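Each chain, written out:
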There are 2 protein chains.
Amino acid sequence: MSLTVVGSVAFDAVATPFAARERMLGGAATHFALAASFFDDVHVVGVVGDDFSAEDEAVLTAHKIDTTDIEHVEGGKTFFWSGRYHDNMNSRDTLDTQLNVFETFEPKLSEASKAAKTVFLANILPSLQLQVLEQCTEATFTAVDSMDLWINIAKEDLLKVIAKVDCVILNDEEIELLTGEPTIVSAAQALLELGPSIVIAKQGKYGAGVITKEGSFWLPAFPLNEVHDPTGAGDSFAGGFVGYLAAHPERPVTLEVVRRAMAYGTAIASFNVEEFGTDRVSRLTGPEVVARVQHLASITQFDDTTQIDLRR
Amino acid sequence: MSLTVVGSVAFDAVATPFAARERMLGGAATHFALAASFFDDVHVVGVVGDDFSAEDEAVLTAHKIDTTDIEHVEGGKTFFWSGRYHDNMNSRDTLDTQLNVFETFEPKLSEASKAAKTVFLANILPSLQLQVLEQCTEATFTAVDSMDLWINIAKEDLLKVIAKVDCVILNDEEIELLTGEPTIVSAAQALLELGPSIVIAKQGKYGAGVITKEGSFWLPAFPLNEVHDPTGAGDSFAGGFVGYLAAHPERPVTLEVVRRAMAYGTAIASFNVEEFGTDRVSRLTGPEVVARVQHLASITQFDDTTQIDLRR
């Protein structure tokens, strides 16, 4: 089995009300791959410039992530993003976006990447996502992320991608924007009708919900005393979620398995935000993840079997 | 046993992107009392004007809610609030606030209201909340709500109230504003140090969390296909939550009981928002509440005992 992720490898500059970092390894594919590497062999398809060092690459290869399909553009610079988080750490302003080599990114998949059973299309131009999907003919589970930009300027292509994948992973507001529906339940149901069997609504610091034709499941974010850098939380979540499903290859995926996949994604994402960039997830261990999944279960369950005499 | 709530009885005008109502019974004490009436005898302490009709009062008395302490001010008009919800139904603009008789409200408690074992101080001037607390000498469980206005202009009095109650029920952003802490966990812990044993963080359409010294518990809102009027959801939640605790008089309250109380509050709040004003909760039945609590359990639980071989 193996898992291919196509998306950005980047350098990020992040400022929060408490601290700042001027340059660190980031990007959707990076955060996704590190989280997914707990579960499966991961191939990253992306593009970087001359400034991407052997040390940067080692962050991935240290976890046996295959970087063969990360194209190095000579004379180019790696995608750079800079943002500042507000006091609530849930919303942020983008200060600078330099697409650099990412602007003309054309995913080139090796035979190994094409042969993956699981494919995650991180947030890139929808027409590129479509090209990747067409090459991954062995995939038994495919998932897509996107953003408001593509919903606004490339909606038709994005809807074509959504029609072909098994799972859509978006922020709740993006799902509502995409469908024009006023509640996340009606919006997710509208997406299910387009073809996917699973819709994940990410809710930022509040957690995430999943809606399938079988039913729904809702999980809060893991409560943290301190949050240091929310960047990449959504991609870490997706990496844990999709990775868990890659390691459980029975198809179709059941809601029971999806619930546990949500818990693993939520746990890994919570580690991601505890430190800047990839610092925490880079040195995260399996037992730490399992302990947090169990803690998550303990703070979300209640006993509904206790009888009570209601007066009405 | 009995439960006293002190707070606003009002008329609301509400507009959403889909519909509008020009005048309907509302107010924090009204929504709270209707929810709490599933669990205990409820006394409402409030004030209204000549425009408060026998029909309005009957909405409460139909559920055996004691309205003896709702003062009628001759020649006065009842508190009026008007608001418009945004597309996401989670944020709103206040269009008009006419305090009317509520501006000079001085809670007057009968002996029955003073003798209540459970007291809820809905969102009113903190110095009035203090006066009420001092009169309720029999109470074994007290809870307080407030708002950003009082945090900004009457913080000292509000902190005095908080130091005296068992439970604080606020929006997460209000708790962060009040304490200056950046995460809801650190903010709630700061409040616990002031005296209360339970802090509830309401999260709007995302649900609510509770933090006690025993631990925390997080529950999503009940997912709804359609939301027609979010007004009073927080007060319905508080009514279900505090009402449940009133009906479970063992003190100190355990986190196990608090978890179930959260589920009942969440279930009743979800009915509240399905129709305008008090329409839905007025005719809500116990079996409907119980069924929704059970459904809530089924969409929030996952099995954390399944073993998985992680690669790291």
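Going by the structure above, here's the rest.
In this text, all values refer to a predicted model and were calculated from it rather than measured experimentally.

Asker: So what exactly am I meant to see when it comes to the packing of helix H10 (residues 255-272) of chain A against helix H12 (residues 286-298) of chain A here?
Answerer: Between two packed helices, the angle of one axis relative to the other and the distance separating the axes together describe the packing. Residue and element names in this part refer to chain A. It is the contact of H10 with H12, at a shortest axis distance of 9 Å, that shows an interaxial angle of 115 degrees. Comparing the axis directions of H10 and H12 gives the class roughly perpendicular. Crossing of H10 over H12 shows right-handed handedness. Across from Ala-263, Tyr-264, Thr-266, Ala-267, Ile-268, Ser-270 and Phe-271 in H10, the residues of H12 making contact are Glu-288, Val-289, Val-290, Arg-292, Val-293 and Leu-296. Considered class by class, the residues forming the contact of H10 with H12 number 9 nonpolar, 2 polar and 2 charged.

Asker: How should I be thinking about the sheet that holds strand E5 (residues 70-72) of chain B in this particular structure?
Answerer: Strand pairs in the sheet, formed through backbone hydrogen bonds, run parallel or antiparallel to each other. All names here are of chain B. Spatial ordering of the open sheet is given by E5-E4-E1-E8-E9-E10-E11-E12-E13, a layout of 9 strands whose pairing is mixed. Strand pairing shows two members of the sheet lacking a second neighbour, E5 and strand E13 (215-219), which therefore form its edges. Pairwise comparison of adjacent strand axes, ignoring direction, gives a mean angle of 15 degrees for this sheet. Summarising the sheet, strand E10 (residues 167-171) and strand E11 (residues 198-202) pair through 5 bridges and their orientation is parallel. What sits directly across from Ile-169, in E11, is Ile-200.

Asker: What am I meant to see in the environment of Gln-203 of chain B here?
Answerer: Within the secondary structure layout, Gln-203 of chain B lies in the loop between E11 and strand E12 (208-212). Judged by its relative accessible area of 11%, Gln-203 of chain B is buried. Between the alpha carbons of Gln-203 of chain B and Gly-234 of chain B there is a distance of 9.3 Å; along the sequence they are 31 residues apart. What Gln-203 of chain B contacts, discounting residues up to four positions off in sequence, is Tyr-206 of chain A together with Asp-172, Ala-208, Gly-209 and Trp-218 of chain B.

Asker: What is the right way to look at the interface of chain A and chain B in this model?
Answerer: Across the contact, 62 residues belong to chain A and 61 residues belong to chain B. Roughly 5,200 Å² of surface becomes buried between chain A and chain B when both sides are summed, with 54% attributable to carbon and sulfur atoms. In this assembly, chain A and chain B are joined by 8 salt bridges. Between Glu-176 of chain A and Lys-205 of chain B there is a salt bridge, with the nearest N and O atoms lying 3.9 Å from each other. At the junction of chain A with chain B, the criterion picks out 32 residue pairs in polar contact (both at pLDDT 80 or more). Mapped onto the side of chain A that touches chain B, the elements with two or more residues apiece are helix H7 (172-179), helix H8 (184-192), strand E13 (215-219), H10, helix H11 (279-282) and H12 of chain A. When residues of the side of chain A that touches chain B are assigned to their parent elements, the largest contribution, 9 residues, is made by H12 of chain A. Here the residues of the side of chain A that touches chain B are counted per class, giving 29 nonpolar, 18 polar and 15 charged.

Asker: Help me understand H12 of chain A in this model?
Answerer: Given 3.6 residues per helical turn, the α-helix brings residues three or four places apart onto the same face. Residue and element names in this part refer to chain A. In this model, H12 (13 residues) spans 19 Å end to end at C-alpha, consistent with the 18 Å of a helix rising 1.5 Å per residue. Inspection of H12 places Gly-286, Val-289, Arg-292, Val-293, Leu-296 and Ala-297 among the buried residues, and these make up the whole buried set. Buried residues of H12, viewed axially, fall in a sector of 145 degrees; they line one side.

Asker: Just checking my understanding: could you explain the pairing of strand E2 (residues 10-15) of chain B for this structure?
Answerer: Every regular strand shows the same layout, with side chains that alternate between the two sheet faces. All names here are of chain B. A large share of E2 lies buried, amounting to 6 of its 6 residues. Neither face of E2 is left uncovered, since the one carrying Ala-10, Asp-12 and Val-14 and the one carrying Phe-11, Ala-13 and Ala-15 both have all their residues buried. Pairing analysis gives 5 bridges linking E2 to strand E3 (residues 20-26), with the strands arranged antiparallel. Residue pairing in the sheet places Phe-11 in a bridge with Leu-25 of E3. Between E2 and E3, which pair antiparallel in sequence order, lie 4 residues.

Asker: What's the story with the packing of aromatic side chains in this structure? I'm lost.
Answerer: Note on aromatic pairs: each is described by the distance of the centres and the angle between the planes. Throughout the structure, instances matching the rule amount to 21 aromatic pairs over all chains. Seen in terms of ring centroids, Tyr-206 of chain A and Tyr-206 of chain B are 4.6 Å apart; in terms of plane orientation they differ by 15 degrees. Their pairing is stacked. Of the two residues, Tyr-206 of chain A is situated in the loop between strand E11 (198-202) and strand E12 (208-212) and Tyr-206 of chain B in the loop between E11 and E12; the pairing between them involves two chains. When sorted by exposure, Tyr-206 of chain A lands in the same class as Tyr-206 of chain B, which is buried. A ring pair is formed by Phe-79 of chain B and Phe-102 of chain B, whose centres lie 5.0 Å apart and whose planes are at 0 degrees; its orientation type is stacked. Taken together, the residues Phe-79 of chain B in strand E6 (residues 79-85) and Phe-102 of chain B in the loop between strand E7 (92-98) and helix H3 (111-114) connect sequence positions 23 residues apart. Classification of Phe-79 of chain B as buried rests on a relative accessible area of 12%. The buried category is assigned to Phe-102 of chain B, whose relative accessible area is 13%. Of the aromatic side chains, those joined through ring pairs into one cluster are Phe-38, Phe-39, Tyr-244 and Tyr-264 of chain A. In this arrangement the basic side chain of Arg-312 of chain B is found over the ring face of Phe-38 of chain A, its NZ or CZ atom lying 3.9 Å from the centre.

Cut-off values and rules
Residues numbered from 1 in each chain as written. Chains lettered and ligands numbered in written order. Predicted model: local features only at pLDDT ≥ 70, side-chain atom pairs only at ≥ 80, totals over all residues. Heavy atoms only, no water. Axes fitted to C-alpha atoms, helices over the stretch in contact; angles between N-to-C directions. Helix = DSSP H or I, 4+ residues; strand = E, 2+ residues; numbered from the N terminus. Parallel < 35°, antiparallel > 145°, perpendicular 65-115°, else oblique. Left-handed = near helix turned anticlockwise from the far one by under 90°. Contact = heavy atoms within 4.5 Å. Nonpolar A, V, L, I, M, F, W, Y, C, P; charged D, E, K, R; others polar. Pairing = 2+ DSSP bridges. Buried < 20%, exposed > 50% of the residue type's maximum accessible area, 1.4 Å probe, protein only. Buried area = accessible area lost by both parts, 1.4 Å probe. Salt bridge = Lys/Arg side-chain N within 4 Å of Asp/Glu carboxyl O. Polar contact = N/O pair within 3.5 Å; in protein donor to acceptor, adjacent residues only side chain to side chain. Expected span 1.5 Å × (residues − 1). Arc of directions from axis to C-beta. Phe/Tyr/Trp six-rings, centres within 6.5 Å; stacked < 30°, edge-to-face > 60°. Lys NZ or Arg CZ within 6 Å of the ring centre and 35° of its normal.

Scope: geometric values only; no functional claims are made or implied.
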